[in-house]
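Listed below, chain by chain, are the residues.
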Amino acid sequence: MYYALLITVILTAVVLVVAAYVIAKLIGPRSYNKVKGEPFECGIPTHGTSWIPLHVGYYLFAILFLMFDVETVFLYPWAVVIKDFGAMALVSIGIFLLVLVFGLAYAWRKGALEWK
Amino acid sequence: MEVRKPVIKSIPYDEFKDNETLEKLTKELQDGGANVIVGSLDQVVNWGRSNSLWSLTFATSCCGIEFMAVGCARYDFARFGFEVCRNSPRQADLIMCAGTITNKMAPVFKRLYDQMADPKYVIAVGGCAISGGPFKTSYHVVNGIDEIVPVDVYIPGCPPRPEAMLYGMMQLQRKIKVEKFFGGANHKEHKPIVVNGVETYEK
Amino acid sequence: MKLENKIFELKNFASEMAKLKSEKHFDFLVTIVGEDFGEEGLGCIYILENTKTNERISIKAVDSNRENAYIPTVSNLWKGAEILEREVYDLFGIKFLGNKDMRRLYLRSDFNGYPFRKDYDLSPENNKYTLEDDVEPDYTIEYTMDEEGHIQQIEHKLFTDDDYVINIGPQHPATHGVLRLQTILDGEVIRKIYPHCGYIHRGIEKMCEDYTYPQTLALTDRMDYLSAMMNRHALCSVIEDAMGVELSDRIHYIRTIMDELQRIDSHLLFYSCCAQDLGALTAFIFGMRDREEVLNVMEETTGGRLIQNYYRIGGCQADIDTNFVKDVKKFCEYLKPKFKEYNDIFTGNVILHNRFQGVGILSKENAISYGCTGGTGRAAGWNNDVRKNHPYDMYDKVDFQEITYNNGDCFDRYMVRMKEMEQSIHIIEQLIDNIPEGDFYIKQKPIIRVPEGQWYTSVEGSRGEIGVYLDSKGDKTPYRLKFRPMGLPLVSAMDEILRGEKIADLISVGATLDYVIPDIDR
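Residues numbered from 1 in each chain as written. Chains lettered and ligands numbered in written order. Predicted model: local features only at pLDDT ≥ 70, side-chain atom pairs only at ≥ 80, totals over all residues. Heavy atoms only, no water.

**Overview of the overall build of chain A**
What chain A contains, in helices and strands, is three helices and zero strands. Computed over its C-alpha atoms, the radius of gyration of chain A comes to 24 Å, more than 25% above the 13 Å expected for a compact globule of 116 residues. Projected onto the principal axes, the alpha-carbon positions of chain A cover approximately 65 × 50 × 20 Å. Each of the 116 residues in chain A was classed as buried or not, and the buried ones make up 16%. Put simply, chain A shows about 9700 Å² of open surface, and 77% of that area lies on carbon and sulfur atoms. (Helix = DSSP H or I, 4+ residues; strand = E, 2+ residues; numbered from the N terminus. Rg over C-alpha atoms; globule rule 2.2 N^0.38 Å. Buried < 20%, exposed > 50% of the residue type's maximum accessible area, 1.4 Å probe, protein only. Areas by Shrake-Rupley, 256 points an atom, 1.4 Å probe, with all protein chains shown as cover.)

Given below as structure tokens:
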């Protein structure tokens, strides 16, 4: 199908990134000191290790976001092909969205959207 | 090619005070001569750099309030390109040290300067940053930040008026406009400066 | 006021202080002044106030052993004493028995010596700085005395191993200066905050001991630069009080009007920075725009925008400008409609209500115990305005309201300051047309000597009670000069206010407590 277009897009992306990196490496200013590699914490060296057990609320937040993000990603190809499929497409996407709305309502009732 | 003078729009070259330092600096940089193409590219890069210097929000004491006033509606440094103040040193080009640096703050300030990405510039705002100011005789004050970091522009005053701070910022813009970028200027080794037995900076 | 110090012996010091609090109801610890009394030893002066009758007394406690000076703590009676005793330990070396956190406050933990002692070497060779980071121990020491009189040291750990510690550090846009808050977090919830001050500690009080009295005035504007007039007012008042100088009415009027203009300036900046910290940058620009109008008025007379250098011992540097009265009246007319504008764009906002209402509650008992004066205390329901309780200048002759609320949350602290601006305009309007003729400066001798004794005077600054303690031995330089910081009790109260709140609330609370760091660190 449109493979030529796809390959061009991928190649442009790769070439742009690599070219930017190479040009900067060749002509940009260089300086390195030990402190540049350390994390920034308002000027004070960090305390303790970062590999500690994190609060589970962050995970919940991330999972919910991911779900709705993937839903959005699925909506894009549907929007492209809806003209060819007609009314059946509307019904099927309606069912898809309904399932996700039930999931959101369940999460809301269970209090997953509050921070505890 | 003769040396071009740095131009700030609508302010004549002779109105600025310290032109001799700038001319000496330019002569040093252009010692080997510059050919037309590289010189023009240099000017493009310098134009871009000098007109979009974003400074770090760094204000320790009274001069910080005048710094905020310069940013606000009446004096507005955004029209010079200093659009926003970045909060992280990795995203900032310029550190305007407004306020006294004490002995306890000195390592913090050094660390912030080290964490900034090149090219970076330092402006010492106010008497305290230039030499310790009214607190020179104190037991806990660093007598001038040029003992710790290389300073490009000094703005005297206690606190300097906002117009003085804008003038200092314009001087920094002129200093940047005479820099060299292409032709290996960035890869020269600079020797570190040693203070108190500690290497303080490499530029 | 002249201080008549009651001297308490160290062995029954703790019980006597407890009696003062419980029986005589002295529940507000105004300040603790550490002092090097020379041959008498090292000691402290405690200034206490009874919040019901506004009576003030002062207590002196001295330990003659200079190498190992110990005084029993009062931090179990007044919560604000914990951080004040840390300050005295840091600068003088007096250890307080029973204070759970006996660490240095302003200086690095590897600092040698106690700088405010009279035998400290101030030469530059002794006071070099290092660019190495300060390695802080993760435990703190509590000193206690057992029955035989031996000193025991108990170690308390500051952090456990699985604590997640971050620095809301010196360089941060929301800390209003260089304050470091070492925060222990549990997810988004704050478990404990350790404030570290001293990043702008310039040793002003020690420098003043070498300056003559007129020279000491130069540094006051640079402490809390937003109460510049009030700082100087407090210092001039204490020296004039001690010397017995009578000021003319014109001076009183001018000082009152300038103080109120400075208060409007400070509250406008509070409004702007509050909005900026929450992200509403439009309101920041609006507040600063109107602040420029105040600065114009003050600059015409004093010549300075931020550092005004206007008052001196005996009056003012110069008479008010001929346009002053007209400009102040024009300014008041300009500012009155702006309050509605501020309320429209910021106060009524639903996001503000969610972030401020019910957040960061400081109860009235805690406010008094910590000593949180100013707008913070008034928002908690405590009537602590120095202008009403210990009136000075024209404040007992003008009519104004003391604004108090009773929830003590962030929204109340914010509203207190907005309403105080309106009261300031009201005070100015009552005074501006009636400035009497007279001297603007009562001539003093070229060399000013203050008689021997101790005095303490306080003035209502923009963010609390700014007081100056002066101990004079009859020389032309002060023996000990101490400024009561307005912001130190606020910072020490932050830990208790914010336990269990989320980290975004730390920004709200920090914005509304309205402290200025050079005032804390001096």
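**Digging into the overall build of chain B**
Tallying secondary structure elements over chain B gives six helices and seven strands in all. Each helix and strand of chain B, ordered N terminal to C terminal, gives the series α-α-β-α-β-β-α-β-α-β-α-β-β. A buried classification covers 51% of the 203 residues belonging to chain B. Across chain B, contacts joining residues at least 24 apart in sequence account for 77% of those joining residues at least 6 apart. As displayed, chain B has an accessible area near 9100 Å², and 55% of this comes from carbon and sulfur atoms. (Contact = heavy atoms within 4.5 Å.)

**Focus on the sheet that holds strand β10 (residues 180-186) of chain C**
All names here are of chain C. Read across the sheet, three strands follow the order β9-β10-β11 without closing on themselves; strand pairing throughout is antiparallel. For this open sheet the edge positions go to β9 (164-168) and β11 (189-196), each flanked by a neighbour on one side alone. The sheet shows a mean angle of 25° between the axes of neighbouring strands, direction not considered. Bridging between β10 and β11 involves seven bridges; their strand directions are antiparallel. Considered in β11, the bridge of Leu185 is made with Ile190. Sitting on the sheet, helix α14 (residues 488-498) is in contact with β10 and β11, with an inclination near 170° to β11. (Pairing = 2+ DSSP bridges. Axes fitted to C-alpha atoms, helices over the stretch in contact; angles between N-to-C directions.)

**Some remarks on the sheet that holds strand β4 (residues 121-125) of chain B**
All names here are of chain B. Read across the open sheet, the five strands follow the order β2-β1-β3-β4-β5; overall the sheet is parallel. Each edge of the sheet is formed by a strand with only one pairing partner; in this case those strands are β2 (85-86) and β5 (153-155). Where strand β1 (residues 55-56) lies against strand β3 (residues 94-98), two bridges are found, and the strand directions are parallel. The partner of Ser55 across the bridge, within β3, is Leu94.

**Thoughts on the pairing of strand β3 (residues 42-49) of chain C**
Residues and elements named next belong to chain C. Of all eight residues that make up β3, eight are buried, and the element is covered over most of its length. Here β3 shows two buried faces, one formed by Leu42, Cys44, Tyr46 and Leu48 and the other by Gly43, Ile45, Ile47 and Glu49. As defined by bridge partners, strand β2 (residues 28-36) adjoins β3 across eight bridges and the pair is classed as antiparallel. Bridge assignment links Glu35 to a residue of β3, and that residue is Gly43. Hairpin geometry of β2 and β3 is characterised by an intervening segment of five residues between the two adjacent antiparallel strands and by a positive phi of about 75° at Gly38. Counted along the chain from β3 to the antiparallel partner strand β4 (residues 56-63), the turn is six residues long, and its residue Asn54 has a positive phi close to 60°.

**Details of the interface of chain C and chain A**
Facing 19 residues of chain C, the contacting portion of chain A comprises 10 residues. Each partner contributes to the roughly 1300 Å² buried at the junction of chain C and chain A, and carbon and sulfur atoms together form 65% of this total. For the chain C face of the interface with chain A, the top three residues by lost area are Tyr164(C), Asn167(C) and Glu188(C), together amounting to 32%. Summed over the shared surface of chain C and chain A, the result is zero salt bridges. Applying the counting rule to chain C against chain A returns two residue pairs in polar contact (both at pLDDT 80 or more). Elements supplying a minimum of two residues to the side of chain C that touches chain A: β9 and β10 of chain C. Among the elements that line the side of chain C that touches chain A, the one with the most residues is β9(C), at five residues. Tallied by class, the residues present in the side of chain C that touches chain A amount to eight nonpolar, six polar and five charged. (Buried area = accessible area lost by both parts, 1.4 Å probe. Salt bridge = Lys/Arg side-chain N within 4 Å of Asp/Glu carboxyl O. Polar contact = N/O pair within 3.5 Å; in protein donor to acceptor, adjacent residues only side chain to side chain. Nonpolar A, V, L, I, M, F, W, Y, C, P; charged D, E, K, R; others polar.)

**Considerations on the confidence of the model for chain A**
Model confidence for chain A is summarised by a mean pLDDT of 85, while 98% of its residues fall at 70 or above. The weakest mean pLDDT in chain A belongs to helix α2 (residues 56-85) of chain A at 87; the strongest belongs to helix α1 (residues 3-27) of chain A at 91. (pLDDT = per-residue confidence, 0-100.)

**A short note on the nonpolar core**
If you look at the biggest cluster of nonpolar residues, it comprises 191 residues, and the most contacted ones within it are Ile145(B), Met17(C), Tyr46(C), Leu261(C) and Tyr414(C). Considering each element in turn, this core owes the most residues, 13 residues, to helix α6 (residues 249-278) of chain C. Formed by 24 residues, the second largest nonpolar core is a distinct cluster that contains Ile8(B), Cys63(B), Phe82(B) and Tyr121(B). (Core = buried A, V, L, I, M, F, W, Y, C linked by side-chain atoms within 4.5 Å.)

**Quick notes on the interface of chain C and chain B**
Contacts between the two partners involve 48 residues from chain C and, on the opposite side, 44 residues from chain B. The contact between chain C and chain B buries some 4000 Å² in all, and 64% of this surface belongs to carbon and sulfur atoms. For the chain C face of the interface with chain B, the top three residues by lost area are Tyr129(C), Leu131(C) and Gln171(C), together amounting to 20%. Remark: the boundary between chain C and chain B carries four salt bridges.

**Concerning the packing of helix α2 (residues 36-50) of chain B against helix α6 (residues 162-177) of chain B**
Residues and elements named next belong to chain B. At a minimum axis distance of 8 Å, the contact between α2 and α6 shows a crossing angle of 160°. Viewed along their axes, α2 and α6 adopt a mutual orientation that is roughly antiparallel. The handedness of the crossing between α2 and α6 is right-handed. Facing α2, whose interface residues are Asn46, Arg49 and Ser50, α6 presents Gln173, Ile176 and Lys177. Along the lines of polarity and charge, the residues of the contact of α2 with α6 split into one nonpolar, three polar and two charged. (Parallel < 35°, antiparallel > 145°, perpendicular 65-115°, else oblique. Left-handed = near helix turned anticlockwise from the far one by under 90°.)

**A short note on the packing of α14(C) against helix α15 (residues 503-513) of chain C**
Each pair of packed helices gets described by two things: the angle between the helix axes and the distance between those axes. Residue and element names in this part refer to chain C. At a minimum axis distance of 11 Å, the contact between α14 and α15 shows a crossing angle of 145°. Here the hand of the crossing between α14 and α15 comes out right-handed. Each of Leu490, Met494, Ile497 and Leu498 in α14 lies in contact with α15, whose residues at this interface are Asp505, Leu506, Val509, Gly510 and Leu513. Per-class residue counts for the contact of α14 with α15 are seven nonpolar, one polar and one charged.

**Side note on unusual backbone geometry**
In this structure, the amide linkage connecting Cys158(B) to the following residue, Pro159(B), adopts the cis form with an omega of -10°. Locating Pro159(B) in the fold gives a position in the loop between β5 and α6. Here the phi dihedral of His25(C) falls at roughly 60°; this positive angle occurs in a residue that is not glycine. By secondary structure assignment, the location of His25(C) is in the loop between α1 (13-22) and β2. We classify His25(C) as partly exposed; its relative accessible area is 27%. Of note, the phi angle at Arg522(C) is positive, near 50°, even though the residue is not glycine. Locating Arg522(C) in the fold gives a position in the segment after α16 (517-521). Taking the relative accessible area as the measure of exposure, Arg522(C) reaches 3% and is therefore buried.

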